Amino acid sequence: MTKAYLALESRFRRMNILADIGGMLHWDMATMMPDGAAESRSEQLATLDVMSNELIKDAALKDLLAEAEGENLSDWQRANLNEMKREWVHGNAVPGDLVEAISRASTACEVAWRTARAENDFAGLLPKLQTVLDLSIEAGTAKAEALGCSVYDALLDQYDPSMSCAKIDTLFADLEAFLPDFTASVIDCQKTEAPAHSPKGPFPIETQKAIGLELMKAVGFDFDHGRLDISHHPFCGGTADDVRLTTRYNEADFTSAIMGVLHETGHAMYELGLPADWRLQPVGKARGMSMHESQSLLVEMQASRSQEFLTYAAPLFKKAFNGEGAAWEAENLYRLYTRVEPGLIRVDADEVTYPSHVILRYRLERALIEGDMKLVDLPAAWNDMMQSLLGITPPNDADGCLQDIHWPSGAWGYFPTYTMGAMAAAQLFAAARTAVPGLMDNLAQGDFAPLMTWLRANVHGKGSSATTDEILQAATGAPLQTKAFITHLQTRYGS
């Protein structure tokens, strides 16, 4: 008999439905909600968060978890029970009034961030952002006590279970030892090569969207279970059965929006490929944000910036925009998409300099969370570290510490997952190329099906039935490491 376990499944199903409702409200807030509805939306999201917190704190849940431990469960049920326990620890560590306060503060701050960035007004955002930071530290402190770890590790565990500062520091140290000299050598080498020419615009937004939709179809996106919209910051949200993607467009440059769409489609394919039999259960969720980012970066960086895929995409771009000349040829687009140049904006960064953007944010948010830096000093500290890591200084805060939505929305401890995801993407793509004969030839035809079939079996369909390292070990023969990522950079850029 599995009476206690089945009772748990019913309760966690209800909690996950509430989370899905919240996800759709967040999507609407970022895409369609009028600014005047912000206060009402804050109330709605806070109510959902409180309801979910009340469910996870139900006194009966602790007894059911203990009782289910002794029941005869399948491997997937056992994995699901383990994920239930992890969520129970997180949920019970934080008082309900703090959960509500964080929800209200982060919603208000996210809405205020849109205006603050547009107006380059860090000082105006500071009070709301300080509130979000303070509340996040308070929640992290409570979770750290329950988990027996540091405050930052507790916040990180929300996004990447089993990850820690100790492991991140080791991996990032490998990158920091490799990247500066390598980046300089690539930039010097590219100066001697044929320059990359940017196609001339303007590029109508509707045409950019049409191309994005066509490429989403090529990757395998199911439009019966999702859609593409516009937001201030590109993201993938919604639910596993109704995936909502967003991007942003620039009529002077179509290349960024296209890669943004492909990036978010990678996220979407992961959500759509999660085990259907475990929908609305903890084990049926994506493993964590490092694995999630691996899927977006695998599609965008590993596959879609390859020479093979651009051979397929170049004629599409040329036809759609009535392009003429060498700038529209695949060889030039490849040079354009693999041009290495330090820049201000993380989401537009090339894959060689991108890790430096993440390391910057990781260091700064750790310093803020651990009390080694005051939030009022963030703009100056950001600019100093940007100069140190990338050799450039932002001309304003809008292109500096205000460029990301993560901290205003309460996502502290999230940033390392981007570069962890890049490492995992390199491992997985290398393994897929070995396991699937002709995979690159398929990409040259715009055919992602063989790649997605392999990812479905080795990543997507695993859900949260194993740890990130266990999934990578089974799929690639090694846990998360820097070797494949460094090899990829040397292969693509070193020549």
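Residues numbered from 1 in each chain as written. Predicted model: local features only at pLDDT ≥ 70, side-chain atom pairs only at ≥ 80, totals over all residues. Heavy atoms only, no water.

Caption draft 1: Representation of the overall build of the protein within the structure. Each helix and strand in the protein was counted, giving 20 helices and three strands. A globule of 495 residues ought to have a C-alpha radius of gyration of about 23 Å, and the protein, at 22 Å, matches this closely. Structurally, the protein occupies a C-alpha span of about 70 × 55 × 45 Å along its principal axes. Buried residues in the protein amount to 56% of all 495 residues. Within the protein, contacts between residues separated by at least 24 positions form 74% of all contacts whose residues are at least 6 apart in sequence. (Helix = DSSP H or I, 4+ residues; strand = E, 2+ residues; numbered from the N terminus. Rg over C-alpha atoms; globule rule 2.2 N^0.38 Å. Buried < 20%, exposed > 50% of the residue type's maximum accessible area, 1.4 Å probe, protein only. Contact = heavy atoms within 4.5 Å.)

Caption draft 2: Just the side chain of S42, in detail. Within the fold, S42 resides in helix α2 (residues 38-56). In this structure S42 comes out as buried when scored by relative accessible area, which is 9%. The contacts of S42, once residues within four sequence positions are left out, are R104 and T107.

Caption draft 3: Seen up close, the UniProt feature "active site" (unreviewed entry) in the protein. UniProt feature "active site" (unreviewed entry): in the numbering of this structure it lies at E264. As for its position among the elements, E264 is in helix α10 (residues 255-272). Given the relative accessible area of 6%, E264 is considered buried. Those residues in contact with E264, other than ones at most four positions away along the chain, are P234, F235, C236, L245 and T246. (UniProt positions renumbered as here; feature names shortened; annotations may be inferred.)

Caption draft 4: How the structure looks around the packing of aromatic side chains. The tally for this structure, following the rule as stated, stands at 21 aromatic pairs. Aromatic side chains Y152 and Y362 sit 5.6 Å apart centroid to centroid with 70° between the ring planes, which places their arrangement in the edge-to-face category. Here Y362 lies in helix α14 (residues 354-369) and Y152 lies in helix α7 (residues 151-159), a separation of 210 residues in the sequence. For the pair Y152 and Y362, a shared accessibility class is recorded, and that class is buried. One Lys or Arg, R244, reaches over the ring of W27 and ends 4.3 Å from the middle of that ring. One cation-aromatic arrangement involves R346 over Y418; the distance from NZ or CZ to the ring centre is 4.4 Å. (Phe/Tyr/Trp six-rings, centres within 6.5 Å; stacked < 30°, edge-to-face > 60°. Lys NZ or Arg CZ within 6 Å of the ring centre and 35° of its normal.)

Caption draft 5: Region of interest: the environment of S198. Position of S198 among the secondary structure elements: in the loop between α8 (165-191) and α9 (205-219). Residues S198 and P479, spaced 281 residues apart in sequence, show a C-alpha to C-alpha distance of 39 Å. Leaving out residues up to four positions away in the same chain, S198 has contacts with L336 and R339.

Caption draft 6: The arrangement of the nonpolar core in detail. Among the nonpolar cores identified, the biggest contains 132 residues, and F172, F317, L364, L378, W412, F448 and L451 are the most heavily contacted of them. A total of eleven residues in this core trace back to one element, the largest contributor, which is helix α16 (residues 416-435). Those residues within four positions of L451 in sequence are excluded, and the remaining contacts are L298, A303, F429, A432 and L439. Listed in part, the 17 residues of the second largest apolar core include A4, L8, I56 and L61. (Core = buried A, V, L, I, M, F, W, Y, C linked by side-chain atoms within 4.5 Å.)

Caption draft 7: Representation of the pairing of strand β2 (residues 236-239) in the model. Bridging between β2 and strand β3 (residues 242-247) involves four bridges; their strand directions are antiparallel. Of the residues in β3, the one forming a bridge with G238 is V243. Connecting β2 to the next strand, β3, in antiparallel fashion are two residues. (Pairing = 2+ DSSP bridges.)

Caption draft 8: Region of interest: the packing of helix α3 (residues 59-69) against helix α4 (residues 75-93). As a packed pair, α3 and α4 sit with axes 11 Å apart at the nearest point and diverge in direction by 150°. When the axis of α3 is compared with that of α4, the two are roughly antiparallel. Taken as a pair, α3 and α4 cross one another with a handedness that is left-handed. Here α3 contributes L61, K62, L65, A68 and E69 to the contact with α4, which in turn contributes R78, L81, M84, K85 and W88. Residue classes in the contact of α3 with α4 are distributed as six nonpolar, no polar and four charged. (Axes fitted to C-alpha atoms, helices over the stretch in contact; angles between N-to-C directions. Parallel < 35°, antiparallel > 145°, perpendicular 65-115°, else oblique. Left-handed = near helix turned anticlockwise from the far one by under 90°. Nonpolar A, V, L, I, M, F, W, Y, C, P; charged D, E, K, R; others polar.)

Caption draft 9: Quick look at the UniProt feature "binding site: Zn(2+)" (unreviewed entry) in the protein. UniProt records the feature "binding site: Zn(2+)" (unreviewed entry) for H263, H267 and E293 in the present numbering. What stands out for the annotated residues spanning 31 residues is how close their C-alpha atoms remain, the widest pair being 8.8 Å apart. By secondary structure assignment, the location of H263 is in helix α10. H263 gets classed as buried once you look at its relative accessible area, which sits at 11%. Ignoring sequence-local partners within four residues, the contact set of H263 consists of E293, S296, L297 and E300. If you trace the backbone, E293 turns up in helix α11 (residues 289-303). There is a polar contact of 3.4 Å between the side chain of E293 and the side chain of H267. (Polar contact = N/O pair within 3.5 Å; in protein donor to acceptor, adjacent residues only side chain to side chain.)

Caption draft 10: Broad picture of the packing of helix α12 (residues 307-320) against helix α13 (residues 330-337). It is the contact of α12 with α13, at a shortest axis distance of 8 Å, that shows an interaxial angle of 115°. Judged on the interaxial angle alone, α13 and α12 are roughly perpendicular. As α12 packs across α13, the resulting crossing turns out to be right-handed. Of the residues in α13, those in contact with Q307, L310, T311, A314 and F317 of α12 are A330, L333, Y334 and Y337.

Caption draft 11: Focus on the sheet that holds β2. Pairing is mixed across the open sheet formed by three strands, whose spatial order is β1-β3-β2. The open sheet has two edge strands with one neighbour each: β1 (226-230) and β2. Within this sheet the neighbouring strands show an average axis-to-axis angle of 25°, counted without direction. When β1 meets β3, the two strands line up parallel, connected through five bridges. Bridging from a neighbouring strand, L228 pairs with L245 of β3. In this fold α10 packs onto β1, β2 and β3, with an angle of close to 165° to the strand it touches most, β3.

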